[in-house]
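# Structural description and commentary
Residues per chain, in single letters:
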Amino acid sequence: MEFAESKSEARNLIARARADGKTVGFVPTMGALHKGHTSLIEASSSEFSYTVVSIFVNPTQFGPDEDLGRYPRDLKRDLRIAEGAGASLVFAPSVEDMYPPGFTTFVEVKALGDVLCGASRPGHFRGVTTVVAKLLNIVRPDALYLGRKDAQQAIVLSRMVRDLDLDVKVRVMRTVREPDGVALSSRNEYLSAGQRACASRLFESLSKAGHLFEAGERDVRRIVAAVRVILDGEPQIDVEYLEARDAESLAELLRVENRTLLALAARIGDTRLIDNIILDPGAGSFEA
Ligand code: AMP
């Protein structure tokens, strides 16, 4: 596996791979790699002959009171995990290389980035779209791999790719979960044992609503209420939002008629966790 710590090294190594006839898949991450990330790396390396994994804790997507300073970082461990999953190149640039003095250009997907997580994290998606646009220009991959765990991020980035005519396929892969349903997340490391046990209520409540949907319920208010009743019974869980929206436009809904995102964000202690399921009326089932 190759390693690049600057944009120019990454461009050179990828150009060499292209010259050798390789096809390129790309997995952007913030490191602290886990099985959610490796599922994306494995999917990319099964489809493309050269998989680039970026590791960059992007400061522009963190708010001033967020966890940028304490975000887990362990490059040596990440390199081992990325290599084990089939990565060809890890690109881990510095903040100075990505945002040199005078940097002042941003990419913003209006409206889609202002609801759900965007409402409580102003500027978050502008930071995400800007860094991913930059990374796509550096890596120039055939496909971009994203996780459904961050559903709104995948929706916002898919819209950016469409609106800016970026020549890249977007592959959104299903959420990898622990046996008790908790979605793998680097932020799970912040939880105490008691909080970690409590975190399983998030997916449990979404699944309950999913089963209600599978039994034929299409009324959004009743589906959301089924989640709410479980979460409100758990004093350690502080719900930030719990909403059902169209899975492509993020429009608000009264009934589930098209693919619908049922998404939540909640705090357990100081840790903010997100999770979601997709209600698919075509299939009559939900995707976890
Ligand atoms: P992050 O390092 O948190 O920025 O995540 C990098 C990529 O991994 C994003 O596309 C995430 O959606 C994806 N990802 C994170 N956690 C999971 C998970 N549990 N299952 C699937 N994909 C995930």
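Let me begin by describing the structure that accompanies this report. All values derive from a computational prediction rather than experimental measurement. (Residues numbered from 1 in each chain as written. Predicted model: local features only at pLDDT ≥ 70, side-chain atom pairs only at ≥ 80, totals over all residues. Heavy atoms only, no water.)

## A word on the pairing of strand β5 (residues 143–147)
Walk down a regular strand and you will see the side chains alternate between the two sheet faces. What counts, and what does not: Only protein chains enter the area calculation, which uses a 1.4 Å probe; residues under 20% of their type maximum are buried, those over 50% are exposed, and those in between are partly exposed. Numbered from the N terminus, helices here are DSSP runs of H or I no shorter than four residues, and strands are runs of E no shorter than two. Pairing between strands requires that DSSP locate at least two bridges from one strand to the other.
Along β5, four of the five residues are buried, which leaves the element largely enclosed by surrounding structure. Looking at chain direction, strand β2 (residues 24–29) and β5 are connected through two bridges and run parallel. For Phe-26, the partnering residue across the bridge sits in β5 and is Leu-144. Taken together, the five bridges between β5 and strand β6 (residues 169–173) define a ladder with parallel strand orientation.

## A look at the site of the ligand
Put simply, the rule reads: The nearness test applies per residue and asks whether one of its heavy atoms lies within 4 Å of the molecule or strand. Pairing of N or O atoms within 3.5 Å defines a polar contact, subject to two protein rules: one partner must be a possible hydrogen donor and the other a possible acceptor, and residues neighboring in sequence count only if both atoms are side-chain atoms. Reported accessibility uses the Shrake-Rupley method at a 1.4 Å probe radius. Residues are deemed covered only where the shown protein chains occlude them. When residues are sorted by character, Ala, Val, Leu, Ile, Met, Phe, Trp, Tyr, Cys and Pro go into the nonpolar class, Asp, Glu, Lys and Arg into the charged class, and all the rest, Gly among them, into the polar class.
Around the ligand sit 17 residues in total, of which Met-30, His-37, Asp-150, Val-176 and Leu-184 are the nearest. Contacts to the ligand include Met-30, whose backbone N or O atom sits 2.9 Å from an oxygen atom. Measuring from an oxygen atom of the ligand, one finds a side-chain N or O atom of Asp-150 at 2.7 Å. Computed on the free molecule, the ligand has an accessible area of 490 Å², of which 93% lies beneath the protein chains in the complex. Those elements giving two or more residues to the shell around the ligand turn out to be β2, α2 (35–47) and β5. Among the elements that line the shell around the ligand, the one with the most residues is α2, at three residues. Classifying every residue of the shell around the ligand by side-chain character gives seven nonpolar, seven polar and three charged.

## With respect to helix α9 (residues 220–232)
The criterion, for reference: Every helix has an expected span of 1.5 Å times one less than the residues it contains. In what follows, residue pairs with any heavy atoms lying within 4.5 Å of each other are defined as contacts.
In this model, α9 (13 residues) spans 18 Å end to end at C-alpha, consistent with the 18 Å of a helix rising 1.5 Å per residue. Along α9, the residues classified as buried are Val-220, Ile-223, Val-224, Ala-226, Val-227, Ile-230 and Leu-231. The secondary structure elements touched by the buried residues of α9 are α8 (193–214), β7 (237–246), β8 (260–268) and β9 (271–280). Where α9 begins, one side-chain oxygen reaches toward the backbone nitrogen of Arg-221, 3.1 Å away; that side chain belongs to Asp-219.

## Details of the layout of surface pockets
The line we're drawing: Only protein atoms enter the 1 Å grid used here, on which a cavity is any set of points holding a 1.4 Å probe that cannot leave and a pocket is any open set flanked by protein within 12 Å on both sides along at least five of seven lines; residues with an atom within 4 Å of a point are listed as lining. Grid points are joined across faces, edges and corners, and a volume is the space filled by probe spheres set on the points.
Considered as a void within the structure, the second largest pocket measures approximately 220 Å³ in volume. Contributing to the lining of the second largest pocket are Arg-148, Ala-151, Ala-154, Ile-155, Ser-158, Arg-159, Arg-162, Val-172, Ala-247, Glu-248, Arg-259 and Ile-278. Considering only residue class, the lining of the second largest pocket consists of six nonpolar, one polar and five charged.

## Things to note about the sheet that holds strand β1 (residues 2–4)
Convention followed: Comment: axis = line fitted to C-alpha atoms, over the contacting stretch for helices; angle = value between 0 and 180 degrees taken between N-to-C directions.
The strand order β1-β4-β3-β2-β5-β6 describes an open sheet built from six strands, whose pairing is parallel. What marks the edges here is a single partner per strand, and that holds for β1 and β6. Ignoring which end each strand starts from, the neighbouring axes of this sheet average 25° apart. Each of β5 and β6 is contacted by helix α7 (residues 151–163), which is oriented at about 155° to β5, the strand it contacts most.

## Topic: the packing of aromatic side chains
Counted only if it meets this: Only centres within 6.5 Å qualify two rings of Phe, Tyr or Trp (six-membered ring in Trp) as a pair; their planes then separate them into stacked at under 30 degrees, edge-to-face at over 60, and tilted for everything else. Only when the NZ of Lys or the CZ of Arg is both within 6 Å of the ring centre and within 35 degrees of the ring normal is a charge said to sit over the ring.
In total, this model carries five aromatic pairs according to the counting rule given. Ring centres 6.3 Å apart and planes at 80° place the aromatic pair Phe-48 and Tyr-145 in the edge-to-face group. Of this pair, Phe-48 sits in the loop between α2 and β3 (50–55) while Tyr-145 is found in strand β5, placing the two residues 97 residues apart along the sequence. The two residues Phe-48 and Tyr-145 agree in class, both being buried. A centroid spacing of 5.6 Å and a plane angle of 90° characterise the contact between Phe-103 and Phe-106, whose relative ring orientation is edge-to-face. Given a relative accessible area of 27%, Phe-103 falls into the partly exposed group. Taken together, the aromatic side chains of Phe-56, Tyr-99, Phe-103 and Phe-106 make up a single cluster linked through ring pairs. Note that Arg-126 overlies the ring of Phe-106, its terminal NZ or CZ placed 3.8 Å from the centroid. Over the ring of Phe-203 we find Arg-177, and its NZ or CZ is 3.8 Å from the ring centre.

## Some remarks on unusual backbone geometry
Here Ala-32, not a glycine, exhibits a phi torsion of approximately 50°, which is positive. The residue Ala-32 is located in the loop between β2 and α2 in this model. Overall, Ala-32 belongs to the buried group, its relative accessible area being 6%. A positive phi is found at Leu-250, a non-glycine position, where the angle reads about 60°. For Leu-250, a relative accessible area of 3% translates into the label buried.

Nothing here speaks to function; it is geometry throughout.
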